[in-house]
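Remarks on the overall topology
As a plain string of letters, each chain reads:
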Amino acid sequence: MTVSRPDSGHLLSRRLRTRARLFASVAALSLMVPMAVSAQDQTPKPAEPQKPVVQTPAVQDPDKPKETYFLGGTPKPKRQEGPAIGAPKSILPKPFVAPGSVKVPPAPASAATPDMAAAGQAQTADQQAGQQTGQPPVQDQAVAPAQAETETGTPISDEPLVEGSLSTLDPSGVSVLSGTVADGTQPVAAATVVGYPATFWQGYSRSQVETALKAVVKAAASPESRQIADRLVRSPMALPAPQNDADITSFIATRLDLLEQLGDVDGYVALIDALPKGRDWTALARHITNADLLEGRLPDACSRAEAVRATDSNPYWVRMAAFCHAANGDRTGVDFQLGILEEVTKVPKSFYQLMDRILVEAEQPKGTVLPPASALGEPLRVDLLEMAMARLAKVKVAALSLEDVNPLAVHGTLALPGVDQGAKADLMSLALQKGWVGGQAFADFARAFQPTDADRAELTGETEGDQFITDVVLAHTAATAANAPDRVAALKKAWDRAVRVERVLAEAPGLYRLTADMIASPDDGAAAPALARAAMLDRANPEKGGWFRLMRATPQDAEGQLGDALINTWPLMLVATGDSSLPPITLDRLHSWWLAQGNEPTRFGRASLMFTILDALGYTVPDTAWSWLEAGDVHTEHTAPSAAIWRRLLVAGAEGNKPQVLETALKLISDGGPSAVSPALAGSLIATLRSAGFEKEARALATEMLVAWGL
């Protein structure tokens, strides 16, 4: 087989074709790259600023120095230089010393003190030395008084220090004597309220004052002793400096608590209003809210309750929050707060009913005619919140709950128009017994009372029993009866009944205010004894001493009862008033009084009490009068007082410890009230009070003892 070789010409031609295609591809590729570059060059670009052409001279000016810059190492910080600051100064406040208040004595004349001539020569020498050195002479630079500063840099005030300006620093002992007395009997000015001086507690610590105040209020068992306690709490107090703000808050809270126990609404609100503004009184938020409720400031009470409720789950604040939501018609908020309240305490049904009534009224559009006031199905609690709710809801109240009564809410509850008068009578009886209301409140209530036929029918018989409603009907009749004999009969019966049930000290001022007009022209002298005794117990009566002169100037009745009243009440008036214009004590006048006591076995005890009190008040009782008591039994059924407390009274009197004397005296009376004080204790007690400077208190307490004993 023959193998043929490839043709060389053919191979050459194939190679040439391959190279030609390769060169064609390279040429095409080289043409595409310039086209892409030319396409990019067509995109507009921002024109670059032209730099100025600096023409450098060919020859440097020899007069112009060459500028060179040297960048050395990193600069190191240097210590600040200036005048010396000196030792740090205290920022604590300094005692204020008014300019010019400190008298600087003149320096004594001596050889060490240069005279004016020497001082002038020294000043001339200094000026000459200054001219030689070229420096100005040194001059004394006096600081103007207006530019004087304290060590802290604060300008000294030129305002004088006035009395009372420091009470804003510690208001614990601020005075709240203005307003009305504790039982609301009479509006009085601050100047006429007899309180106690600020130095009364001198030598006592703050805690000792708090303890003594609590003891005095606790021992107040009669209207006069409660008035003493109330004036003591209201009076200004110069107390030791507090250790911190907690001491201030604690003392103010104690005073507010005691005023609340006494039912003194005016003093309670006055103390709240006297607190300096701009200080944190969160610890007293509950008391401040109570004052807002008493004054009818519901928006302020609700705003404070909302702020405190955010951090305090006390049931008091939960109840307040629920009430405020109801007043705004927020039923969702009410449901939420009631849910919390039910978890922490028992909610009375009256609270639910009041909330529902308030919500119904709040949800009505303006101008809607509301249905008549609904009756509250449950007894209304006598507290500040339910009092405010009942006033807002305008509900009718058939009964009042006399458990856990807040004394501050008594006056407001008695003023609610929807409360049944029988329920008010029950509350008035309790309030008189506790001393939360006084004679004026009883007089207003009795005058406005509307007796039923059944109530009037009971007056025809013997008024036995302990029903307070009978007292009210008798007082109402004595004030409003159409003819004088009926008024006199009702007054006499009311007085005798009050003495028998031991409510005479509380009701006597009210009886006097209801019937004082009868003494001007009495148709029956039987009214005179009761009126005279009632007048002696009325603290707001400024003319007690004038009663004897008035009775003596009044025409005598046919039966001579007015004359007997003069004889019987003369020593009582002398004890109560201390009026020097009254007839003095003589054996004849005492004998007339002794004969007027009749043949009752109790006359020896009454005479023993009267003579002992007269002797303790500084009056001289003749020995012959004392001998009358030897003919009968002067022993009484009164329990013996505590020997320890009695001894403490005598020791305090000997040491001149006035707060201790007042506290122990009220404690001795509080065991059984003024009617339980024995003649021996009465004489010791009255004499010790007088020796300590409590003249008015001694006479007022002695008058209560005598009337309570039936004189």
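Up top you'll find the structure we're talking about.
Presented here is an overview of the structure given in this document. (Residues numbered from 1 in each chain as written. Predicted model: local features only at pLDDT ≥ 70, side-chain atom pairs only at ≥ 80, totals over all residues. Heavy atoms only, no water.)

1. Quick look at the packing of aromatic side chains
- If you walk through the whole model with that rule in mind, you get 12 aromatic pairs.
- Consider the rings of Trp593 and Phe611, whose centres lie 6.1 Å apart with planes at 50°: the pair is tilted. Here Trp593 is found in helix H23 (residues 587–596), whereas its partner Phe611 is found in helix H24 (residues 603–616), with 18 residues between them in sequence. A single burial state applies to Trp593 and to Phe611, both of which are buried.
- Both rings, one in Trp594 and one in Phe604, keep their centres 5.5 Å apart while their planes meet at 65°; by these two values the pair is edge-to-face. Of the two residues, Trp594 sits in helix H23 while Phe604 sits in helix H24, which places them 10 residues apart along the sequence.
- Judged by its relative accessible area of 9%, Phe604 is buried. (Phe/Tyr/Trp six-rings, centres within 6.5 Å; stacked < 30°, edge-to-face > 60°. Helix = DSSP H or I, 4+ residues; strand = E, 2+ residues; numbered from the N terminus. Buried < 20%, exposed > 50% of the residue type's maximum accessible area, 1.4 Å probe, protein only.)

2. Description of the packing of helix H6 (residues 265–273) against helix H7 (residues 285–295)
- As a packed pair, H6 and H7 sit with axes 10 Å apart at the nearest point and diverge in direction by 125°. Of the possible angle classes, the one that applies to H6 and H7 is oblique. The interaxial crossing formed by H6 with H7 has left-handed handedness. Each of Val265, Tyr268, Val269 and Ile272 in H6 lies in contact with H7, whose residues at this interface are His287, Ile288, Asn290, Ala291, Leu294 and Glu295.
- Along the lines of polarity and charge, the residues of the contact of H6 with H7 split into seven nonpolar, two polar and one charged. (Axes fitted to C-alpha atoms, helices over the stretch in contact; angles between N-to-C directions. Parallel < 35°, antiparallel > 145°, perpendicular 65-115°, else oblique. Left-handed = near helix turned anticlockwise from the far one by under 90°. Contact = heavy atoms within 4.5 Å. Nonpolar A, V, L, I, M, F, W, Y, C, P; charged D, E, K, R; others polar.)

3. Comments concerning unusual backbone geometry
- Although it is not a glycine, Lys394 adopts a positive phi angle of roughly 55°.
- Structurally, the position occupied by Lys394 is in the loop between helix H12 (384–393) and strand S5 (396–397).
- Taking the relative accessible area as the measure of exposure, Lys394 reaches 53% and is therefore exposed.

4. Topic: the state of the cysteines
- In this structure the tally under the stated criterion is one disulfide.
- Paired by a disulfide, Cys302 and Cys324 hold their sulfur atoms 2.1 Å apart. Its S-S torsion of approximately -95° makes the covalent link between Cys302 and Cys324 left-handed. With Cys302 in helix H8 (residues 298–309) and Cys324 in helix H9 (residues 315–327), the pair connects residues that are 22 residues apart, well separated along the chain. With respect to class, Cys302 is no different from Cys324; both count as buried. (Disulfide = S-S within 2.5 Å.)

5. Focus on the pattern of salt bridges
- In this structure the tally under the stated criterion is 18 salt bridges.
- Its salt-bridge partner being Arg319, residue Asp383 comes within 3.4 Å of it at the nearest N-O pair. Residue Asp383 is located in the loop between strand S4 (380–381) and H12, and its partner Arg319 is located in helix H9; the two are separated by 64 residues in the primary sequence. Each of the two residues, Asp383 as well as Arg319, counts as buried. (Salt bridge = Lys/Arg side-chain N within 4 Å of Asp/Glu carboxyl O.)

6. Looking at the packing of helix H11 (residues 349–363) against H12
- Where H11 meets H12, the closest approach of the two axes is 9 Å, and the angle between their N-to-C directions is 40°. Relative to H12, H11 is oriented so that their crossing is left-handed. Residues Ser350, Phe351, Leu354, Met355, Arg357, Ile358 and Glu361 of H11 pack against Leu385, Glu386, Met389, Ala390, Leu392 and Ala393 of H12.
- Of the residues belonging to the contact of H11 with H12, the class tally is nine nonpolar, one polar and three charged.

7. Section: the environment of Arg357
- Note that Arg357 resides in helix H11.
- Counting along the chain gives 37 residues from Arg357 to Lys394, while the straight-line C-alpha distance between them is 8.8 Å.

8. Notes on the side chain of Asp383
- Owing to a relative accessible area of 10%, Asp383 belongs among the buried residues under this scheme.
- The residues contacting Asp383, other than those within four sequence positions of it, are Arg319, Asn406 and Ala409.

9. A closer look at the environment of Ala448
- With respect to the helices, strands and loops of the structure, Ala448 is situated in helix H15 (residues 439–448).
- Spatially, the C-alpha atom of Ala448 lies 7.9 Å from that of His476, the residues being 28 residues apart in sequence.

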